[in-house]
Amino acid sequence: ADEIAAQKWVLMVTAQTPTNIAVIKYWGKRDETLILPINDSISVTLDPAHLCTTTTVSVSPSFEKDRMWLNGKEISLSGARYQTCLREIRSRATDVEDEKKGIKIGKKDWEKLHVHIASHNNFPTAAGLASSAAGFACLVFSLAKLMNVKEDQGKLSAIARQGSGSACRSLFGGFVKWKMGKEEDGSDSIAVQLADEKHWDELVIVIAVVSSRQKETSSTSGMLESVETSMLIKHRAKEVVPKRIIQMEEAIKDRDFPSFARLACADSNQFHAVCLDTCPPIFYMNDTSHRIISYVEKWNRSEGTPQVAYTFDAGPNAVLIARNRKVAAQLLQRLLFYFPPQSDCDFNSYLLGDRSILQDVGVQDLKDVEALPPPPEIKDNTTTTQKYKGDVSYFICTRPGRGPVLLPDESHALLCPETGLPK
Ligand code: DP6
């Protein structure tokens, strides 16, 4: 071990991990420290090309302590959740040898060696798009690779879960279930893949990043208050979710979009009803969120069968899942009609992700947006054709995507291979 301390090398690993959106929500814990949920949940993993976290982890005998940088800024690793993830991964480390670099790390050495971690989101952290899910999943995945941890992806998900519950679902691509488990130690509270991203690749996901001034209650404290004060959450966890999980698994297996959409919308609405049933009540959705729900409900009704599902997490952003690309284009026509960009907005930054959808939408610039006709379903009577310019900050077009991957090319690394400090 003393020999190792005198050495100068830096060994590093870079990985990329997706974010995920729950279609059957996790809300409420039965154990705060282990992060054990009161019900199963199901999510769709989002394409990392558009929304992901990239993390480089490195180890060197020259590092004096564990350090982490998030989006270029150093952050503290002293929080219990970081400490747990680091401890759980370290305790499973095995021998690592890099003959080319002349590095040999024994299982025991890992206890004394320190790590440097740099993490970056390819989307604005402030937008409230589940950055903690991708972040903890990527931290655990990349550390496990660096330390040659031989556990399977399910076991790793149980470690990521202790960083942030929803993070365990980001260890897999496609459609993922987090089984609540029943063991006291949480060993069976893990994520499993229901189907990979190719199973249902027609789906197109449009996220409306809704402008809001207000800082929302964190998921962690929000769900704790719900468990402590809501009666509805008990009924939800015991009676409602178990049935929905079975139905949602079936809908995914059969690619049954109407059932998928009905279940996802109902579950999002019940989650927000639980928030309202919490004392004091928690409001995550705002007027814009509610308007988006109304437009989608009205359109789905006029089509006779659901074309688009909506779901909202602990914030006002809408995640809209369209049954295919054609429907997604029609959805964007509607959204751009109701929520045109501010006049001074650069139209190129109003739709992020897969911008190629704009071809199908038939919109190239602001002028085209202004010329969009009102959606036919509001021709009848009640709904006004009022527009809400500026109420959506921007849209992201994406799709179901793959799970974590290693980025072997050193050019992707966020840390300098000589110093182990941010590039
Ligand atoms: C509304 O995973 O962020 O997004 O486990 O306390 O870190 P902690 O909470 P977190 O909660 C996510 C809640 C949700 C629903 C979901 O993702 O299932």
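Definitions and limits used
Residues numbered from 1 in each chain as written. Predicted model: local features only at pLDDT ≥ 70, side-chain atom pairs only at ≥ 80, totals over all residues. UniProt positions renumbered as here; feature names shortened; annotations may be inferred. Helix = DSSP H or I, 4+ residues; strand = E, 2+ residues; numbered from the N terminus. Expected span 1.5 Å × (residues − 1). Bend = angle between axes of the 7 residues up to and from the residue. Buried ≥ 20, exposed ≤ 12 C-beta atoms within 10 Å, placed from the backbone. Near = placed C-beta within 6 Å. Nonpolar A, V, L, I, M, F, W, Y, C, P; charged D, E, K, R; others polar. Domains from an automatic or database assignment. Axes fitted to C-alpha atoms, helices over the stretch in contact; angles between N-to-C directions. Parallel < 35°, antiparallel > 145°, perpendicular 65-115°, else oblique. Left-handed = near helix turned anticlockwise from the far one by under 90°. Contact = placed C-beta atoms within 7 Å. Pairing = 2+ DSSP bridges. pLDDT = per-residue confidence, 0-100. Core = buried A, V, L, I, M, F, W, Y, C linked by C-beta atoms within 7 Å.

Naming follows an unreviewed UniProt entry, where the protein chain appears as Diphosphomevalonate decarboxylase of Ilex paraguariensis. A UniProt comment under Sequence similarities (unreviewed entry) is attached to the protein chain, and it reads "Belongs to the diphosphomevalonate decarboxylase family." Taken from UniProt, the Catalytic activity (unreviewed entry) comment for the protein chain reads in full: "(R)-5-diphosphomevalonate + ATP = isopentenyl diphosphate + ADP + phosphate + CO2".

Student: Quick question: what am I supposed to make of helix α6 (residues 232–253) here?
Tutor: Quick reminder: α-helices carry 3.6 residues per turn. Residues three or four places apart thus point the same way. Along its 22 residues, α6 runs 29 Å from first to last C-alpha, staying within 8% of the 32 Å computed at 1.5 Å per residue. Along α6, the sharpest kink reaches roughly 45°, centred on V240 and followed within four residues by the proline P242. Burial in α6 covers these residues: I233, R236, A237, V241, R244, I245, M248, A251 and I252. Positive phi appears at R255, one or two residues downstream of α6, with a value of about 50°.

Student: Teacher, can you tell me more about the site of the ligand here?
Tutor: The ligand sits among 14 residues. The nearest are A22, Y26, S164, G165 and S166. Considering only residue class, the shell around the ligand consists of 5 nonpolar, 7 polar and 2 charged. Taken domain by domain, the shell around the ligand gets at least three of its residues from each of domain 1 (2–196 + 405–412) and domain 2 (204–398).

Student: Whenever I open this one, the packing of helix α3 (residues 131–146) against helix α4 (residues 153–160) confuses me. Can you help?
Tutor: In a pair of packed helices, the angle between the axes and the distance between the axes together describe the arrangement. Following both chains from N to C, one finds α3 and α4 inclined at 130°, their axes separated by 9 Å at the closest point. Viewed along their axes, α3 and α4 adopt a mutual orientation that is oblique. The element α3 and its partner α4 pack so that their crossing is right-handed. Across the interface between the two elements, F136, A137, V140, F141 and A144 from α3 touch L156, I159 and A160 from α4. Looking at side-chain class alone, the contact of α3 with α4 contains 8 nonpolar, no polar and no charged residues.

Student: What should I look at first to understand the domain arrangement of the protein chain in this one?
Tutor: For interface size, the figure often reported is the accessible area lost on association. Partitioning the protein chain into domains gives domain 1 (2–196 + 405–412) and domain 2 (204–398). Computed over C-alpha atoms, the centres of domain 1 and domain 2 are 29 Å apart. On the side of domain 2, 27 residues touch domain 1, which itself brings 22 residues to the contact. Where the side of domain 1 that touches domain 2 is concerned, the elements lending two or more residues are β2 (20–24) and β13 (191–195). For the side of domain 1 that touches domain 2, the element with the highest residue contribution is β2, accounting for 3 residues. By residue class, the composition of the side of domain 1 that touches domain 2 is 14 nonpolar, 4 polar and 4 charged.

Student: Honestly, the sheet that holds strand β8 (residues 73–75) in this entry has me stumped. Any pointers?
Tutor: Hydrogen bonds between backbone atoms are what pair the strands of a sheet, whose relative direction is either parallel or antiparallel. Ordered in space as β8-β7-β11-β6-β1-β19, the 6 strands form an open sheet in which the pairing is mixed. With partners counted over all chains shown, the strands left at the sheet margins are β8 and β19 (405–406), one partner each. Of the strand pairs in this sheet, strand β1 (residues 11–18) and β19 are connected by 2 bridges, and their pairing is antiparallel. Paired with A15 across the two strands is L406, which belongs to β19. Packing of α3 onto the sheet brings it into contact with β1, β6 (52–60), β11 (114–121) and β19, and relative to β1 it is tilted by some 145°.

Student: Explanation requested: the pairing of β11 in the structure shown.
Tutor: On a regular strand, one side chain projects to one face of the sheet and the next to the other, so that they alternate. Summarising the sheet, β6 and β11 pair through 8 bridges and their orientation is antiparallel. Across the sheet, residue V59 finds its bridge partner in β11, namely V115. The pairing of strand β7 (residues 67–70) with β11 spans 4 bridges and is classified as parallel. Across the sheet, the residue bridging to R67 is H116, located in β11.

Student: When you look at the confidence of the model for the protein chain in this model, what are you seeing that I'm missing?
Tutor: Interpretation of this model should avoid reading the predicted coordinates in detail wherever pLDDT is low. When pLDDT is averaged across the protein chain, the result is 94; 97% of the residues are at 70 or more. Across the predicted assembly, pTM comes out at 0.96 and ipTM at 0.99.

Student: Before we go on, may I ask you to explain the sheet that holds strand β14 (residues 204–210) in this structure?
Tutor: Ordered by their spatial adjacency, 5 strands build an open sheet running β15-β16-β14-β18-β17, and the pairing between neighbours is mixed. What marks the edges here is a single partner per strand, and that holds for β15 (308–311) and β17 (351–353). Adjacent strand axes in the sheet meet at a mean angle of 25° when their direction is disregarded. Bridge count for β14 against strand β16 (residues 318–322) is 5 bridges, and the pairing is antiparallel. The residue of β16 that forms the bridge with I205 is I321. Packing of helix α7 (residues 257–276) onto the sheet brings it into contact with β15 and β16, and relative to β15 it is tilted by some 20°. Set on the sheet, helix α9 (residues 325–338) makes contact with β14, β15, β16 and β18 (392–398); between it and β14 the angle comes to about 20°.

Student: Which parts of the structure should I look at to understand the nonpolar core?
Tutor: Soluble globular proteins tend to pack their nonpolar side chains together in the buried interior. With 121 residues, the main nonpolar core has V140, V206, A208, V308 and L320 as its most contacted residues. The element that contributes the greatest number of residues to this core is α3, accounting for 11 residues. Counting residues domain by domain, this core receives three or more from each of domain 1 (2–196 + 405–412) and domain 2 (204–398).

Student: When you look at the environment of R87 in this model, what are you seeing that I'm missing?
Tutor: Its place among the elements puts R87 in helix α2 (residues 80–90). On the basis of neighbour count, R87 is assigned to the exposed category, with 12 C-beta atoms found within 10 Å. Taking the C-alpha atoms as reference points, R87 and I159, 72 residues apart in sequence, are found 9.7 Å from one another.

Student: When you look at the pairing of strand β12 (residues 175–178) in this model, what are you seeing that I'm missing?
Tutor: Residues F175 and K177 point to one face of β12 and V176 and W178 to the other, with burial holding for every one of them. Sheet topology places strand β5 (residues 41–45) next to β12; 4 bridges connect them, and they run antiparallel. Within β12, the residue paired with S43 across the bridge is V176. Relative to β13, β12 is paired through 4 bridges, and the arrangement is antiparallel. Residue pairing across strands places W178 opposite A191, the latter belonging to β13.

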